Amino acid sequence: MERIAVGADHGGFALKEQIKGYLQKKGFKVKDVGTYSKELADYPVFAFRAAQEVSCGRMKRAVIICKSGIGNSIAANKLHRVRAALCYNVRAAVLSRRHNDSNVLVLGSLFVNPALAKRIVSAWLGTDFEGGRHSRRLAQIRQIEEGKWCKER
């Protein structure tokens, strides 16, 4: 049974609860890293918690949700080995997996309703990384992450 982390701030809480149930029905073991209510909560805390599960290798993937998704994307992508992709449609989710091997899906509750969010999640989970020329590009991203481009480029 694959494990997946989910997290959201207050703006993404309701959608997170729906996605969590959807993932459980699909057979995933879900680790909910919060928030646990609609009370005001700061998105970086939950983006970090979910992305940390991936960064540290405890989870293969995570889904994080806030109102726009932008702040979560920025916060999650600060962590080593995290490739967070903000997706507002199915095509972007598929391409984020095929070309970028994204391991954190970011959703914006202002832009995706629960039905669309479920289609995005399903497409994201069901798409494999293509490799090939994209592997070279991911290697370059790892070099950037490690600071190797600071002097070279």
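Report follows, based on the coordinates. All values reported here derive from a predicted model rather than from experimental measurement.

Moving on: the overall build of the chain. Within the chain one finds seven helices and five strands. Beginning at the N terminus, the succession of helices and strands in the chain can be written as β-α-β-α-β-α-β-α-β-α-α-α. At 15 Å, the chain has a C-alpha radius of gyration in line with the 15 Å of a compact globule built from 153 residues. The C-alpha extent of the chain, read off along each of the three principal axes, is 45 × 30 × 30 Å. Taken over 153 residues, the chain has a buried fraction of 46%. Across the chain, the fraction of contacts at a sequence separation of at least 24, relative to all contacts at a separation of at least 6, is 66%. Of the roughly 8100 Å² that the chain leaves accessible, carbon and sulfur atoms contribute 51%.

We now examine the sheet that holds strand β5 (residues 104–108). Reading across from one edge, β2-β1-β3-β5-β4 is the order of the five strands in this open sheet, with parallel pairing throughout. Pairing within the sheet leaves two strands with one partner each, and these edge strands are β2 (29–32) and β4 (84–86). The sheet shows a mean angle of 20° between the axes of neighbouring strands, direction not considered. Here strand β1 (residues 3–8) runs beside β2; their pairing, made up of four bridges, is parallel. Residue pairing for β2: Arg3 is matched across the bridge by Lys29. Contacts from helix α2 (residues 43–55) reach β1, β2, β3 (61–66) and β5, with the element oriented near 170° to β3.

Here we take up the side chain of Thr35. With respect to the helices, strands and loops of the structure, Thr35 is situated in the loop between β2 and α2. Contacts of Thr35, omitting those with residues within four sequence positions, involve Ala8, Asp9, His10, Phe13, Lys16, Ala41 and Phe46.

On to the nonpolar core. Residues Leu23, Val63 and Leu107 are the most contacted members of the largest nonpolar core, which totals 23 residues. If one sorts the elements of this core by residue count, helix α5 (residues 114–125) sits on top with six residues. Ignoring anything within four residues of it in the chain, the contact list for Leu23 reads Ile4, Val6, Phe28, Val30, Val121 and Leu125. Within the second largest apolar cluster, 16 residues are counted, among which are Met59, Ala75, Val82 and Val106.

Considering the arrangement of structural elements, one finds Lys16 in helix α1 (residues 13–25). The residues touching Lys16, leaving out its near neighbours within four places in the chain, are Val6, Gly7, Ala8, Asp32, Gly34, Thr35, Tyr36 and Ile65.

This part covers helix α6 (residues 133–145). With 13 residues, α6 should reach 18 Å at 1.5 Å per residue; the first-to-last C-alpha distance of 19 Å fits that figure. Immediately beyond the C-terminal end of α6, within one or two residues, lies Gly147, with a positive phi of roughly 80°.

What counts, and where the lines are drawn
Residues numbered from 1 in each chain as written. Predicted model: local features only at pLDDT ≥ 70, side-chain atom pairs only at ≥ 80, totals over all residues. Heavy atoms only, no water. Helix = DSSP H or I, 4+ residues; strand = E, 2+ residues; numbered from the N terminus. Rg over C-alpha atoms; globule rule 2.2 N^0.38 Å. Buried < 20%, exposed > 50% of the residue type's maximum accessible area, 1.4 Å probe, protein only. Contact = heavy atoms within 4.5 Å. Areas by Shrake-Rupley, 256 points an atom, 1.4 Å probe, with all protein chains shown as cover. Pairing = 2+ DSSP bridges. Axes fitted to C-alpha atoms, helices over the stretch in contact; angles between N-to-C directions. Core = buried A, V, L, I, M, F, W, Y, C linked by side-chain atoms within 4.5 Å. Expected span 1.5 Å × (residues − 1).

Interpretation in functional terms is not warranted from these geometric data alone.
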